[in-house]
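# Commentary on secondary and tertiary structure
If you want the building blocks of each chain, they are given just below.
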Amino acid sequence: MDVAVIGAGPVGLMLAAELRLGGAEVVVLDRRAAPDERPRANGLGGRIVEQLDHRGLLDRFRAEAGFAGPFPGFPFGPVPLNFAGLDSPMRGLMLQQPRMEALLTERALELGAEIRRGHELADLGTVRGADGSYRLEARYVVGCDGAHSRVRELAGIGFPGTTDDELMRLGHFRADLPMFGSELQRGWNRRPGGRVLVTSLTPGVVIAGVREVAPEPPGEPTLEEFHDAVRRVLGTDLRLGEPLWLSRTVSSARLAERYRAGNVFLAGDAAHVFPAGGSSLNVGLLDAVNLGWKLGAVVRGAAPESLLDSYHAERHPVAARTLTQTRVQALLDRATGEDGDALRTLFGELAALPQATRHLAGLLRDADELPYVPDLPLTVGGRATRVAEVMRAARPVLFDFAGRADLREAAGPDVKIVTAECPDAPAEALFVRPDGVVAWKGGDPAALREAMTAPGR
Ligand SMILES: Cc1cc2nc3c(=O)[nH]c(=O)nc-3n(C[C@H](O)[C@H](O)[C@H](O)COP(=O)(O)OP(=O)(O)OC[C@H]3O[C@@H](n4cnc5c(N)ncnc54)[C@H](O)[C@@H]3O)c2cc1C
């Protein structure tokens, strides 16, 4: 086996599909016997949406999404950002995480990945399955096994950071929104002892949450403890309907020291956890896109082992910047009293300045400073197409916009060559990695050859 992916969460499934496109044999192991149906993330936004387009997956996601298009704004913690007037919009879609996982499972299976559920990684060479333990023979192991990653622990990779002293209880209830009374507004309601959330994304289902400084009790979350917490914070009861799902979480801000230890890699929540919502899944899925083609290229002999070091070099700084912005979101949210109100007011005024809104939107899109290829309209062989459609195969592409045979010859055998007409072409030619990064642009064949052997190409 070329690659064993531990964890069939969204990141492991995305990685499995990318690995298959890259030509690697892949098995995905998950200790859960069945997919996780808990609600969790409600959507995706930023560059991952462009990546789904590159892989031909966006239409499937859009077909099921409650909303798909440019986000008109985004909550930066408690501060609403208004994106009207941004020159590059932030694309997004609203879809519950279990549906995303179902679509990613379908895709990984279509491409030939093997998914074994009810199989738990015990140590780096041993899996416990329903019929007993067996040896795991794989050239590479990727831990996509979530915040409490066993792979990270077994690889001896530290996970420094902080854990909050606030507890968040969240639930979905069968009820209609106006049930909660006029003293509460939709969204988070701030009180001296904590915050209470009431909102709804689906008719007939209310999402309610309560945050307070409290130790985490043992056992599964109960309805009674949810009501007790609401009463402590609001001083009154919330009339909620039948609970469909209850959860209890303590947020953490942590980043793995390394994303690679020998033949072991980390991606998604195993590599980073953020203390505010909205970014985890975007960053995790983009980890998978960055790592997938690199492992695929090394496994099929098209790139040297050293290419794999660029995964940490490129993705670790992105998570570090995301950690910074999510720490600020969490801080803005939890600052209390009049000081907190003053902080939120002034931050809101600053964030409304166009340059600041653009900066924050850039951080939310992916916090990645690599140059990505724009989705230019093209004509190839007389047929109208787009860059995103050319990227479907997840292979490196040389876009030749000037009919340059010398450049086409300089591209190696592993490169897909596309001779295209493009009125807005930024150069005579572009060499684009499978993840959409422009690794080179220009017209000099010697420079192209050099770019193709650069360590992170
Ligand atoms: C209540 C809640 C709300 C959230 N809201 C948002 C949001 O709005 N936006 C957002 O972006 N994110 C949100 N998140 C976070 C998001 O759900 C995670 O970032 C995402 O699930 C991470 O995906 P992953 O594939 O990295 O890990 P996970 O989804 O955690 O998947 C890890 C998988 O690994 C398996 N596994 C673990 N250990 C082993 C082992 N030893 N052997 C085999 N399998 C193993 C697990 O069974 C699991 O299936 C939320 C999370 C929660 C809990």
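Conventions used here
- Residues numbered from 1 in each chain as written.
- Predicted model: local features only at pLDDT ≥ 70, side-chain atom pairs only at ≥ 80, totals over all residues.
- Heavy atoms only, no water.
- Helix = DSSP H or I, 4+ residues; strand = E, 2+ residues; numbered from the N terminus.
- Rg over C-alpha atoms; globule rule 2.2 N^0.38 Å.
- Buried < 20%, exposed > 50% of the residue type's maximum accessible area, 1.4 Å probe, protein only.
- Contact = heavy atoms within 4.5 Å.
- Areas by Shrake-Rupley, 256 points an atom, 1.4 Å probe, with all protein chains shown as cover.
- Lys, Arg positive; Asp, Glu negative; His and termini not counted.
- Charge placed at Lys NZ, Arg CZ, Asp CG, Glu CD.
- Pairing = 2+ DSSP bridges.
- Domains from an automatic or database assignment.
- Buried area = accessible area lost by both parts, 1.4 Å probe.
- Salt bridge = Lys/Arg side-chain N within 4 Å of Asp/Glu carboxyl O.
- Polar contact = N/O pair within 3.5 Å; in protein donor to acceptor, adjacent residues only side chain to side chain.
- Axes fitted to C-alpha atoms, helices over the stretch in contact; angles between N-to-C directions.
- Near = heavy atom within 4 Å.
- Nonpolar A, V, L, I, M, F, W, Y, C, P; charged D, E, K, R; others polar.

On to the overall build of the protein, then. Within the protein, the regular secondary structure consists of 13 helices and 26 strands. Relative to the 2.2 N^0.38 estimate, which gives 23 Å for 457 residues, the radius of gyration of the protein is 23 Å and therefore close to what a compact globule would have. Taking the principal axes of its C-alpha atoms as reference, the protein extends roughly 75 × 60 × 35 Å. When the 457 residues of the protein are sorted by exposure, 53% land in the buried category. Partitioning the intrachain contacts of the protein with sequence separation of at least 6 by distance along the chain shows that 69% fall at a separation of at least 24. Of the accessible surface of the protein, which amounts to about 19,800 Å², a share of 53% is contributed by carbon and sulfur atoms. Between the centroid of the 53 positive side chains of the protein and the centroid of its 60 negative side chains there is a distance of 1 Å.

The next thing to look at is the sheet that holds strand β1 (residues 3-6). The sheet built from 6 strands is open, its strands ordered β8-β2-β1-β12-β19-β18 with mixed pairing. Only two strands of the sheet have a single partner each, and these edge strands are β8 (114-117) and β18 (260-261). Across 4 bridges, strand β2 (residues 26-30) lies against β8 in parallel orientation. Following the sheet pairing, Asp 30 is matched in β8 by Arg 117.

Time to look at the domain arrangement of the protein. As assigned here, the protein comprises domain 1 (3-159 + 256-365), domain 2 (164-252) and domain 3 (377-452). The gap between the C-alpha centroids of domain 1 and domain 3 is 28 Å. Counting residues at the interface gives 16 residues for domain 1, matched by 13 residues for domain 3. Taking both partners together, domain 1 and domain 3 bury about 1,200 Å²; carbon and sulfur atoms supply 45% of that area. On the surface where domain 1 and domain 3 come into contact, there are 3 salt bridges. Close ionic contact of Asp 53 with Arg 386 constitutes a salt bridge, the shortest N to O distance being 2.9 Å. There are 10 residue pairs in polar contact (both at pLDDT 80 or more) connecting domain 1 and domain 3. Breaking the side of domain 1 that touches domain 3 down by element, the ones donating at least two residues are α2 (47-54) and α7 (280-299).

Two orientations exist for strands paired in a sheet by backbone hydrogen bonds: parallel and antiparallel. Taking strand neighbours across the sheet as the criterion, the 3 strands line up as β3-β7-β4 in an open arrangement whose pairing is antiparallel. Strands with a single pairing partner mark the edges of an open sheet, and in this sheet they are β3 (43-45) and β4 (67-70). In this sheet, adjacent strand axes meet at a mean angle of 5° when their direction is disregarded.

Turning our eyes to something else, we now look at the pairing of strand β17 (residues 242-255). In this sheet, β17 lies alongside strand β13 (residues 161-174) in antiparallel orientation, the contact comprising 11 bridges. Bridge assignment links Leu 167 to a residue of β17, and that residue is Val 250. In this structure, β17 lies alongside strand β20 (residues 272-273), joined through 2 bridges in antiparallel fashion. Directly across from Arg 254, in β20, lies its bridge partner Val 273.

Residues in contact with the ligand amount to 27 residues; listed here are only the nearest, Asp 30, Gln 97, Leu 121, Asp 269 and Leu 281. For the ligand, an oxygen atom lies 3.4 Å from a polar atom in the backbone of Ser 280. At 2.9 Å from an oxygen atom of the ligand is found a main-chain nitrogen or oxygen belonging to Leu 281. Here the ligand, which alone exposes 1,000 Å², has 84% of that area covered by the protein. For the shell around the ligand, the elements supplying multiple residues, two or more each, are α1 (10-21), β2, β9 (120-123) and α7. Across the shell around the ligand, the residue classes break down as 9 nonpolar, 10 polar and 8 charged.

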